[in-house]
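Single-letter residue listing:
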Amino acid sequence: MSSYEKRRSDCSALPHGWIREEVVRKSGLSAGKTDVYYYSPDGRKFRSKPQLARQLGDTFDLSSFDFRTGKIIHSAIRKSKRLKGTTYDYARGIRHDASLVLPIRQTASIFKQPVTVHKTQPESKTRTDLKHGPQEQPKQLFWEKKLQGLNACDITEEMFKVLDLPSNIQGVGPELSEENLLQSIAAALHLSNQPLIGQTASKAAIEKNPGVHINTEQPLIQKLVVTEDDIRRQELRVVAARKRLEEDKN
């Protein structure tokens, strides 16, 4: 049974011959999510509005075209007429790489002007008197949700299949998808200098007060113990994979 449901229809908002495809995921953690694609008259597949713009060029105005619904937004037509004659920004709608950097809290200073400190107690200390050494930047909890819905593609623009996590890896946190857990594990492997064991606090404590109980150096999974049997099974998988690779090369 297919895990996707595909629906195709003519797209009247685009030139004649263009097809709109709507793909509904029917299983997994992303069940119910819809992906939208467009096909040119010659069968080429387009996954984003910037790709459409590159294909159509100046022959068709996409400024008021809604990629998700495949319709023209009439309230935007008047604005697009005022901007007629300007070149289309192909980078519009494309996320910059900076958005993939782990977000940190950026709080502006409440003091807009220099201030003078008056001490009423000789033994009191101001903030500048305290010597704490180097301070770590605060980390945003559940930043993985910011990446939800982003998918990696190969050079043919086909999405990579999402990895399946072992059943003994369980997430901790509100409404975390399997993709969020993979992102959390990958980031911890890349950034943390500590051994990765997961969260040591109980799931109930984390859900009650995550700001206190979550260890930001560990991925958002329950504490995981790797046994000798787990290591042995993984070694067998590696040996089998190498054998298949060798057979394919020959």
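Residues numbered from 1 in each chain as written. Predicted model: local features only at pLDDT ≥ 70, side-chain atom pairs only at ≥ 80, totals over all residues. Heavy atoms only, no water.

Focus: the pattern of salt bridges
Our working definition: A pairing counts as a salt bridge when a side-chain nitrogen of Lys or Arg comes within 4 Å of a carboxyl oxygen of Asp or Glu. Secondary structure elements are defined from DSSP: runs of H or I of at least 4 residues count as helices, runs of E of at least 2 residues count as strands, and each element is numbered from the N terminus. Only protein chains enter the calculation, and the probe is 1.4 Å; a residue is then buried if its accessible area is under 20% of its type maximum, exposed if over 50%, and partly exposed in between.
Counted under the stated rule, the structure contains eight salt bridges. In this structure, Asp-35 and Arg-25 form a salt bridge, with 3.1 Å as the shortest nitrogen-oxygen distance. Residue Asp-35 is located in strand 3 (residues 34-39), and its partner Arg-25 is located in strand 2 (residues 19-25); the two are separated by 10 residues in the primary sequence. When sorted by exposure, Asp-35 lands in the same class as Arg-25, which is buried. Each of the salt bridges in this network shares a partner with another, and the network as a whole consists of Glu-5, Arg-7, Arg-20 and Glu-22.

Topic: the confidence of the model for the protein chain
Selection rule: The pLDDT value tells you how sure the predictor is about a given residue, anywhere from 0 up to 100.
Here the protein chain shows a mean pLDDT of 77. Residues at 70 or above account for 76%. Per-element confidence in the protein chain ranges from a low mean pLDDT of 55 for helix 2 (residues 77-82) to a high of 91 for strand 4 (residues 45-46).

Some details on the side chain of Glu-22
Inclusion rule: Two N or O atoms form a polar contact when they lie within 3.5 Å of each other; inside protein one atom must be a possible hydrogen donor and the other a possible acceptor, and for residues adjacent in sequence the pair counts only when both atoms belong to side chains. Every residue pair with non-hydrogen atoms within 4.5 Å of one another is taken to be in contact.
With respect to the secondary-structure elements, Glu-22 resides in strand 2. Polar contacts involving the side chain of Glu-22 include one to the side chain of Arg-7, which spans 2.6 Å. In this structure the side chain of Glu-22 is engaged in a polar contact, spanning 3.1 Å, whose partner is the side chain of Arg-20. Contacts of Glu-22, omitting those with residues within four sequence positions, involve Glu-5, Lys-6, Arg-7, Thr-34 and Asp-35.

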